Amino acid sequence: DGHVHLADYVPPAWRIRHADLAFDLDPDATEVHARLSLDPDPDQPGQPLVLDGEELTLLSIAVDGRPLAADRYTYDGATLRIDGLAGACELETRVRIHPAGNTRLEGLYPSGRLLLTQCEAEGFRRITFFTDRPDVMPRWRITLRAARERFPVLLANGNPVARRELDDGRHESTWENPHPTPCYLFALAAGDLDRVTHSVRTAEGREVELNVWAEPGDVARCEYALGAIERSLRWDERRFGRGYDLDVFNVVAAQDFTMGAMENKGLNIFNARYILADEATATDADFLAIESVVAHEYLHNWSGNRVTLRDWFQLSLKEGLTVFRDSEFSADLHSRAIKRIEAVRVLRGRQFAEDSGALAHPVRPDRYREISNFYTLTIYEKGAEVIRLLHTLLGEDVFRAGMDRYFADNDGRAATIEDFLAAHAAASGRDLAQFALWYSQAGTPELSIAEDFDAATGDYTLTVEQHVPPTPGQPLKQPMLVPLRFALYDVAGAAITAAPETDAAINPAGFHGVATNGAIVELVAARHVLRWRGLPGKPLATFNQGFAAPVKIAFAQSPADLARSVRVERDEVYRWDGLQRLAMRAILQHDALAADALEAALDDLLADPAADPAFVAECLALPDFDTLADAMAPVEPDALLDARDALLDRLSRALSAPLLARYDAMADAAAQGLEGPAMAARALRNACLAWLTRHDPAARLAQRQFDAARTMTERGAALRCLLHFGAPGAAAALADFRAQFAHDPLVTDKWIGWVVTRPQASASDDVAALLASEWWKPANPNRVRAVLGNFQRGNPRAFHRADGAGFRLVAARLAALDATNPQVAARLLGGFEGWRRLHPPLRAVARDTLAGLEGQLRSPDCRDLLARLLVD
Ligand code: HT7
Ligand code: ZN
C-alpha cells in the first residue's frame, strides 16, 4: 500500500564503516567520487548490496579497485543493486549531478551564488549512491574542489585537515569527521562567504572556533547568532553536562531554505531569517527566534547527532527532545513564564488542531508514505511536551540521571524511543509502560472534572474523568498517565495543603496518588475520585499550573470563580490561561459575565506596577483563531471572528485610558536595547497600540510611532496597525518602508506578511496582486510562506471566505509549487487539515477545492497528504 511500517524494521544487511567522498563542484555538472568501505552484517549473510540513488548519472563503478561489469549491477533510477559480493569490500562510484536544476532544495542545490546541501530526511541519495537511512553511520573524509574565484570558501562536516591550490584556478579543501555519522547529517557549503568568528575553550579544555558565515554584505548582521552559539554551548555544558566534540563549529546562512535550519555535524546550515539580525531590520521576536533556533541546532549535536535515530519513526526522539532542550535553554536565559506561555499558545492553537484534524498521528507514527510529511507540530511540540511530562514525573535530578544514562548507553548508536525510556526507567526505578502510550496514541486527552461540596460535612470531592478522542486509524484509546497539578484555596485565598484521600475503594489499582509535594496527582485510569473531609467551606480548585500536562480540561466553574482563581493563583501560566478562558467564554458562549470579569482583571493588570509588562502583553493577546476554532464545532469562521472583534472593541474602548497611560509611561523603558526589560516594554507598548488604534480612525498614535521608531520592533508594529486598520497614512507608510528595505528579502517578507494578514475578506485581492507582481518569487520558500503561508495561517477571515476565493487562491498555486518544491507545496496543502470541522457550506467549498487538486499534484509528498485529507 505504499507505506513503510515501523514493525517491518530490519537492520541494514551491509554497513558502511568509512566514507571517502570527493566533489568537483560546478553548478551545471558536479562530479562526486565516493569510496565506501563496506561490511556485510554477519547475521544476514549473502544479501545483495542495495544502495539508494536518485537523479544520478553513473559514470563509473568499481569494487576493490576493479571496474564492475554491466551485468553485475542494476540501477533503476531509485536503487543500485549489486549481487554476489563475497564479504567486506570497497565500492567506488563516480556520479554526475546537476545542482543548477535542483529546485527542490534537497541534495546539492544553488542558493544565490552559493552551493549548499540539505540531506535530511532522504536527500543524500540525490548526491551519491548510499544506504540512505540513519542507522548506517560511517566516519567521513570529504574533499571539495572548485574554482577559487567563484567558490573561495569550501566547508564540509568535521574538522578541516588540508587545503591546497590546484591547476586552472581551482583549489581543494579536505575535511574529516571522526564521529560515526549518518548521511542525513552530511553537508557542504561553497561560495563567496564572509564570516564572524570567536574562539572558546570548552569545559573539557578543547579550543573551538565558532564561525557564522554569510554572503559578504550580510556578515554585519551575524554577531547576535554568533553569541547565541556560545550561550548554547555553555548552557549544554552546565545543564546537561554535554561538551562540544570538534575543533570548529560552522554555521552558514542561506536565503533559499525549505525549513528553519539543519543540524549537520559541525556545519549547520540555516535559513538566513534565523541568522541575520540587527535592531533596524529584525524585531525582538526575530532575535528570540534566532537564539532559539541556533540553540536547537547546536543542541542536536548530542540529541540527534552523537545519539542518532534507528529509523525515521523515531524522529521525535531527536526533535521532541531537542525542542524540550531548546525551550529549557530559553527559559533559563529569559523569562520562564513567558517562554511557557508562548509554547502553550502554539501547542493549543496549532498542535491541538493537528491532533483533532485529518492529519492527526502519534508522536511515534507506525507507518508513513512520505517521511517529509512528518516534520510536524506533533513530532516536535507534542514530542517536547512528552519529555516535559517525564521531567515533571521524575523531577530535575532523576531526569538528569536518566539523560546521562541515555547519552552514555547510546553514544555513537542509532537509538529508539524504547532505549530512551529504558534509560529513564533504570535511573528512576519506575515502570514507564503506561507512560509510553504518549508515543503511540494520537489525540489530545480530555479531562472532565466535576466537584461536589457537602456543606453539612465539609466533604469535598473531585471526580476526574479522562477521555482520549478517536483519531484516524485509532478508534479506541486507553487512559494515559497524566500528572495533573492542582491546588485548593480556602475562602481567604490561602492554600489548603492537606492531601486528598485516594483510597483503594474509590481508585483503581496502580494509582500513584498524590506526589509528596502534595501538588500533583498521577492519573492512570479513566476515572479518579479525590476526597477531602471536613473542610470549613467550599474550596477553590485550580488545575494544570504551568500547563504541565498537554491536555484539555473541562471544569464547570462560574466566571466569578475563574476570575478569583486568576487573582489567587501565583503561577503566571495559569493566570494567563484563566484570562484566555474567560475570553473564550465571552467569545464562544457570548457570556457577558465572563467579559465583565475579563475587563476587570485586565484593568487591574494594567494598573499593577509589579506585573511584568511582557506578561501583561501576553494577557492582552486574546485567544487566536485556531485556539477558538478548536473549541467550536462546527467551526463558523465569520461568526467566531465577529465575536472576537466585538470583544476586542469592547475591551479596548473600556480600557482606553489605562492602555494609553501604560503606552506613554513606558516610552523610556522601550528605548533601544535587547535586554529583557526593554523588550518587555516594547511588547506591551505594541499590544496597547494595537488596541488603541481600534478607536483612533486617524491612527495618530500608530503614525507617530512609525515616524519616530528607532527599532524594527516599533516600526513594524506601527506599520502593521496602519495597514490593518486602513489608516489614512497606510499607503504612504508602506511605500516608504518598502523603498527603504527594497534590497532586503527578509524585510520584504515582513511587509508582505502584514499586507496579507489585513483582517478583512478583501485581503485576498491584495494577495492576488502580490502573486502577479515582481515580489512573487515561487522558488524562494521564505517568499512563498510570506505571501501564501501568512495568508493561510494568519488571515482566517480572508482564507475562509464563504465564496471560496481564499481557498482557491492557495490551491491554484499548488500544482506549480509542487513541481518545483514538493515540501513547500505540501506545507500549504497541510493548511487545509481542519476542513472537515468547518460548518457545512464552507466544508463543501473546501472539499470541492481539495477534490479539484486530485490528479494535479504529482509529488509523493502532496499525494500522500491529499489522500489523507480526503479519506472518509
Ligand atoms: N532536523 C531538521 C529538519 C529539516 C528538514 C526536514 C525535511 C526537509 C528539510 C529540512 N530541513 C531541516 C531541522 C531541525 O529540526 O532542527
Ligand atoms: Zn530539530
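Cut-off values and rules
Residues numbered from 1 in each chain as written. Chains lettered and ligands numbered in written order. Predicted model: local features only at pLDDT ≥ 70, side-chain atom pairs only at ≥ 80, totals over all residues. Heavy atoms only, no water. Domains from an automatic or database assignment. Salt bridge = Lys/Arg side-chain N within 4 Å of Asp/Glu carboxyl O. Helix = DSSP H or I, 4+ residues; strand = E, 2+ residues; numbered from the N terminus. Buried < 20%, exposed > 50% of the residue type's maximum accessible area, 1.4 Å probe, protein only. Near = heavy atom within 4 Å. Polar contact = N/O pair within 3.5 Å; in protein donor to acceptor, adjacent residues only side chain to side chain. Areas by Shrake-Rupley, 256 points an atom, 1.4 Å probe, with all protein chains shown as cover. Donors = N, O, S within 2.8 Å, 3.2 Å for Na, K, Ca; no water. Phe/Tyr/Trp six-rings, centres within 6.5 Å; stacked < 30°, edge-to-face > 60°. Lys NZ or Arg CZ within 6 Å of the ring centre and 35° of its normal. Axes fitted to C-alpha atoms, helices over the stretch in contact; angles between N-to-C directions. Parallel < 35°, antiparallel > 145°, perpendicular 65-115°, else oblique. Left-handed = near helix turned anticlockwise from the far one by under 90°. Contact = heavy atoms within 4.5 Å. Nonpolar A, V, L, I, M, F, W, Y, C, P; charged D, E, K, R; others polar. Pairing = 2+ DSSP bridges.

## Section: the domain arrangement of the protein chain
Along its sequence, the protein chain is organised into domain 1 (1–192), domain 2 (308–440), domain 3 (446–549) and domain 4 (741–872). Relative to domain 3, the C-alpha centre of domain 1 lies at a distance of 56 Å.

## Describing the pattern of salt bridges
By the definition in use, this model includes 75 salt bridges. Two residues, Lys-382 and Asp-355, come together in a salt bridge whose shortest N-O distance is 3.2 Å. Linking Lys-382 in helix α5 (residues 377–410) with Asp-355 in helix α4 (residues 336–355), this pair joins segments that are 27 residues apart in sequence. The same class applies to Lys-382 and to Asp-355, which are both buried.

## Brief notes about the site of ligand 1
The local shell around ligand 1 holds 15 residues, among which Glu-120, Glu-263, Glu-297, Glu-319 and Tyr-380 are the closest. Here Glu-120 contributes a side-chain N or O atom positioned 2.6 Å from a nitrogen atom of ligand 1. Alone, ligand 1 offers 380 Å² of accessible surface; in the complex the protein occludes 97% of this. Of all the elements in the fold, those that place two or more residues in the shell around ligand 1 are β20 (261–262), α2 (284–299) and α3 (315–333).

## Topic: the coordination of the zinc ion (ligand 2)
At 1.9 to 2.0 Å from the zinc ion (ligand 2) lie its protein donor atoms, namely His-296 (NE2), His-300 (NE2) and Glu-319 (OE). Linear spacing of the donor residues for the zinc ion (ligand 2) on their chain is H-x3-H-x18-E. Overall, His-296 belongs to the buried group, its relative accessible area being 8%. What makes His-300 buried here is its relative accessible area of 0%.

## A short note on the packing of aromatic side chains
Taken as a whole and assessed by the stated rule, the structure comprises 31 aromatic pairs. Each ring, one from Phe-791 and one from Phe-799, has its centre 6.2 Å from the other, and the planes form 85°; the classification is edge-to-face. In this pair, the class of Phe-791 matches that of Phe-799, namely buried. By way of ring pairs, the aromatic residues Phe-23, Phe-124, Phe-130, Trp-140 and Phe-186 are connected into one cluster. Its end group placed over the ring of Tyr-224, Arg-231 keeps NZ or CZ at 5.3 Å from the ring centre.

## Description of the packing of helix α10 (residues 592–607) against helix α13 (residues 637–654)
One can describe the packing of α10 onto α13 by two numbers: an axis separation of 10 Å at closest approach and a directional angle of 40°. Considering their axes alone, α10 and α13 lie oblique with respect to each other. The crossing of α10 and α13 is right-handed. Between α10 and α13, the residues in contact are Ala-592, Ala-595, Asp-596, Leu-598, Glu-599 and Leu-602 and Leu-647, Arg-650, Leu-651 and Ala-654, respectively. Per-class residue counts for the contact of α10 with α13 are seven nonpolar, no polar and three charged.

## Remarks on the sheet that holds strand β19 (residues 248–254)
The mixed open sheet is built from five strands, whose spatial order is β17-β18-β19-β21-β20. Single-partner strands in this sheet number two, and they are β17 (194–201) and β20. Bridge count for β19 against strand β21 (residues 267–271) is five bridges, and the pairing is parallel. Looking across to β21, one finds that Val-252 is bridged to Ile-269. Here helix α1 (residues 223–240) sits on the sheet and contacts β17, β18 (207–214) and β19; the angle it forms with β17, its principal contact strand, is near 25°. Contacts between α2 and the sheet are confined to β19, β20 and β21, with β21 contributing the most and set at about 150° to the helix.

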